[in-house]
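What follows is each chain in one-letter form.
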2 protein chains.
Amino acid sequence: MSVRLDELDRKILVQLQQDGGRSLDEIAKAVGSSKTPVWNRIRKMREGGVIKQQTYVLDADSLGFEACFFVLIRTSEHDADWQARFLKALRDRPEVQEAHRLAGDIDYILKVRVENARAYDVFYQALISEVKVHNVTALLSMEEIKSTTMLPL
Amino acid sequence: MSVRLDELDRKILVQLQQDGGRSLDEIAKAVGSSKTPVWNRIRKMREGGVIKQQTYVLDADSLGFEACFFVLIRTSEHDADWQARFLKALRDRPEVQEAHRLAGDIDYILKVRVENARAYDVFYQALISEVKVHNVTALLSMEEIKSTTMLPL
DNA sequence: TGGAAATAAGGAAAATTGTTCCGTATGGTC
DNA sequence: GACCATACGGAACAATTTTCCTTATTTCCA
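Under an unreviewed UniProt entry, chain A has the name Leucine-responsive regulatory protein and belongs to Roseovarius albus.

Structure follows, in structure tokens:
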């Protein structure tokens with residue numbers, strides 16, 4: 001059962017994405033409605049899975065995560081068992097912030113956040129000892145120009 | 001003025017990352033403390049920039065964003081003016097969820113979320129008409145295996 | 001080691017916010 | 001045009017956040 005969204009729903013989502021700490025009163029005023037409809041719509045969008053989660057975004061640098069790598073992976077193995085183990089390994093490793101299976105030449109891309117280059121090597125060695133991969137290229141981020149989870153509504 | 005974090009601070013951050021909707025009472029109980037110290041520490045970490053923002057994460061598919069591309073960019077131009085215009089273009093475009101300047105061969109990587117392949121092409125054409133880039137490779141995501149903003153504390 | 005100052009904790013009060021309830025309005029259907 | 005279903009706005013209630021105050025704990029210096 002999917003949720004059909006109207007203009008008011010979208011306005012509410014914009015508010016929630018911009019600042020998840022606003023009160024219902026503030027949101028209601030911003031979108032030109034009142035508390036009850038705003039509250040009901042948020043609840044429905046939560047239950048319908050449009051809103052996945054509510055979270056706090058932390059500053060990686062302040063917490064000592066100064067290195068960010070994008071990892072491009074090619075593999076020769078494509079059987080179901082190998083893939084299941086590979087996906088599990090990625091999901092279990094907290095350093096992996098993003099993992100996507102790709103179309104084309106390169107099979108997977110990861111975004112990995114670690115303390116430093118040495119910590120990346122530890123991660124890398126651990127990963128390739130768990131599952132065989134054909135070719136790995138690591139791209140080191142020098143500067144995070146932009147980072148957001150916002151969808152353009 | 002940086003914030004020095006102790007074990008209790010870290011426990012609180014873990015709770016906030018896991019679920020940004022928990023009440024102070026719940027968090028206090030989970031970390032083995034009471035409301036006031038938890039509240040004071042959250043406030044300080046906010047002011048100190050350790051906590052960057054509080055937000056709601058939405059489901060891209062539910063909202064019609066069914067295509068996700070990682071874009072690898074090489075450029076020949078490296079002067080300050082070009083770079084300033086390029087960064088501004090990236091920050092201004094809401095489709096761009098991530099943008100990093102890289103070390104080595106490839107100069108930039110972007111993560112771009114759009115409705116479909118057609119919308120990506122519109123984005124791409126608009127971008128290269130704004131700023132000259134030498135070489136662009138787009139990697140299309142077939143499956144989002146993992147996506148989180150959590151840092152492993 | 002003793003003692004004063006600074007810092008952090010816990011509990012309770014006050015203020016704000018979230019949640020429910022209900023009467024009314026609105027829109028769609030036959 | 002009447003009925004049903006759905007959504008809205010305002011008020012009442014419940015829960016949470018925020019502040020305040022008192023008590024511990026720690027730190028630092030004599």
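Let us keep going from here.
## Topic: the sheet that holds strand β5 (residues 135-147) of chain B
Read around the barrel, 8 strands follow the order β2(A)-β4(A)-β3(A)-β5(B)-β2(B)-β4(B)-β3(B)-β5(A) and close on themselves; strand pairing throughout is antiparallel. Averaged over neighbouring strand pairs, the angle between their axes works out to 35 degrees when direction is ignored. In terms of strand pairing, strand β3 (residues 96-102) of chain A meets β5(B) through 5 bridges, oriented antiparallel. Each bridged residue has a counterpart across the sheet, and for Glu98(A) the counterpart in β5(B) is Ser147(B). The strands touched by helix α5 (residues 117-130) of chain A within the sheet are β2 (67-74), β3, β4 (108-114) and β5 (135-147) of chain A, with β4(A) carrying the most contacts at an inclination of about 135 degrees. On the sheet, helix α4 (residues 80-92) of chain B packs against β5 of chain A together with β2 (67-74), β3 (96-102) and β4 (108-114) of chain B and is oriented at approximately 85 degrees with respect to β5(A).

## Focus on the UniProt feature "domain: HTH asnC-type" (unreviewed entry) in chain A
Here the UniProt feature "domain: HTH asnC-type" (unreviewed entry) sits at residues 5-66 of chain A. The distance separating the terminal C-alpha atoms of residues 5-66 of chain A is 40 Å; by composition the span is 53% helix and 13% strand.

## What about the interface of chain B and chain A?
Taken together, the contact pairs 62 residues of chain B with 62 residues of chain A. Buried surface at the junction of chain B and chain A, both sides included, amounts to about 6500 Å², of which 59% is carbon and sulfur. Of all residues in chain B, Tyr56(B), Ile145(B) and Lys146(B) give up the largest surface area on contact with chain A, accounting jointly for 14% of the area buried on that side. Counting the contacts that link chain B with chain A gives 4 salt bridges. Where Lys111(A) meets Glu98(B), a salt bridge forms, and the shortest distance between an N and an O atom there is 2.8 Å. Counting the contacts that link chain B with chain A gives 41 residue pairs in polar contact (both at pLDDT 80 or more). For the side of chain B that touches chain A, the secondary structure elements donating two or more residues are α1 (7-18), β1 (51-58), β2, α4, β3, β4 and β5 of chain B. If one sorts the elements of the side of chain B that touches chain A by residue count, β5(B) sits on top with 9 residues.

## Thoughts on the domain arrangement of chain A
According to the domain assignment, chain A consists of domain 1 (7-47) and domain 2 (61-140). Here domain 1 of chain A and domain 2 of chain A have C-alpha centroids that lie 37 Å from each other.

## Some details on helix α2 (residues 24-31) of chain B
All names here are of chain B. Burial in α2 covers these residues: Ile27, Ala28 and Val31. What you see down the axis of α2 is that its buried residues fit within an arc of 100 degrees, all on one side. Packed against the buried residues of α2 are α1 and α3 (35-47). Remark: Gly32 follows α2 within two positions and exhibits a positive phi of approximately 75 degrees.

## As for the protein's contact with DNA strand D
Residues in close proximity to DNA strand D total 13 residues, the closest being Thr36(A), Arg41(A), Leu24(B), Lys35(B) and Trp39(B). What you see for DNA strand D is that sugar and phosphate hold 57% of its atoms within 4 Å of the protein. Arg41(A) has a polar side-chain atom sitting 2.6 Å from a phosphate oxygen of DNA strand D. In this structure, a phosphate oxygen belonging to DNA strand D sits 3.5 Å away from a side-chain N or O atom of Lys44(A). Going through the elements one at a time, α3 (35-47) of chain A together with α3 of chain B are the ones with two or more residues in the surface near DNA strand D. Ranked by residue count, the leading element in the surface near DNA strand D is α3(A), at 4 residues.

## Remarks on the nonpolar core
Membership of the largest hydrophobic core comes to 22 residues, with the highest contact counts inside it found for Phe86(A), Leu90(A), Leu110(A), Val112(A) and Leu127(A). At the level of elements, β2, α4 (80-92), β3, β4 and α5 of chain A are the ones that each hand at least two residues to this core. Once residues lying within four places of it in the same chain are set aside, the contact partners of Phe86(A) are Ile73(A), Tyr108(A), Leu127(A), Val131(A) and Val133(A). Among the nonpolar cores identified, the runner-up in size contains 21 residues, and Ala67(B), Phe69(B), Val71(B) and Leu87(B) belong to it.

## A short note on the pairing of β3(B)
Residues and elements named next belong to chain B. Counting buried residues in β3 gives 6 out of 7 residues, a clear majority hidden from the surface. The sheet contact formed by β3 and β4 spans 5 bridges and is antiparallel. Each residue of the ladder has a partner; that of Val96, found in β4, is Val112. Counting the residues that bridge the hairpin from β3 to β4 gives 5 residues, and of these Gly104 lies at a positive phi of roughly 95 degrees.

Parameters and conventions
- Residues numbered from 1 in each chain as written.
- Chains lettered and ligands numbered in written order.
- Predicted model: local features only at pLDDT ≥ 70, side-chain atom pairs only at ≥ 80, totals over all residues.
- Heavy atoms only, no water.
- Pairing = 2+ DSSP bridges.
- Helix = DSSP H or I, 4+ residues; strand = E, 2+ residues; numbered from the N terminus.
- Axes fitted to C-alpha atoms, helices over the stretch in contact; angles between N-to-C directions.
- Contact = heavy atoms within 4.5 Å.
- UniProt positions renumbered as here; feature names shortened; annotations may be inferred.
- Buried area = accessible area lost by both parts, 1.4 Å probe.
- Salt bridge = Lys/Arg side-chain N within 4 Å of Asp/Glu carboxyl O.
- Polar contact = N/O pair within 3.5 Å; in protein donor to acceptor, adjacent residues only side chain to side chain.
- Domains from an automatic or database assignment.
- Buried < 20%, exposed > 50% of the residue type's maximum accessible area, 1.4 Å probe, protein only.
- Arc of directions from axis to C-beta.
- Near = heavy atom within 4 Å.
- Core = buried A, V, L, I, M, F, W, Y, C linked by side-chain atoms within 4.5 Å.

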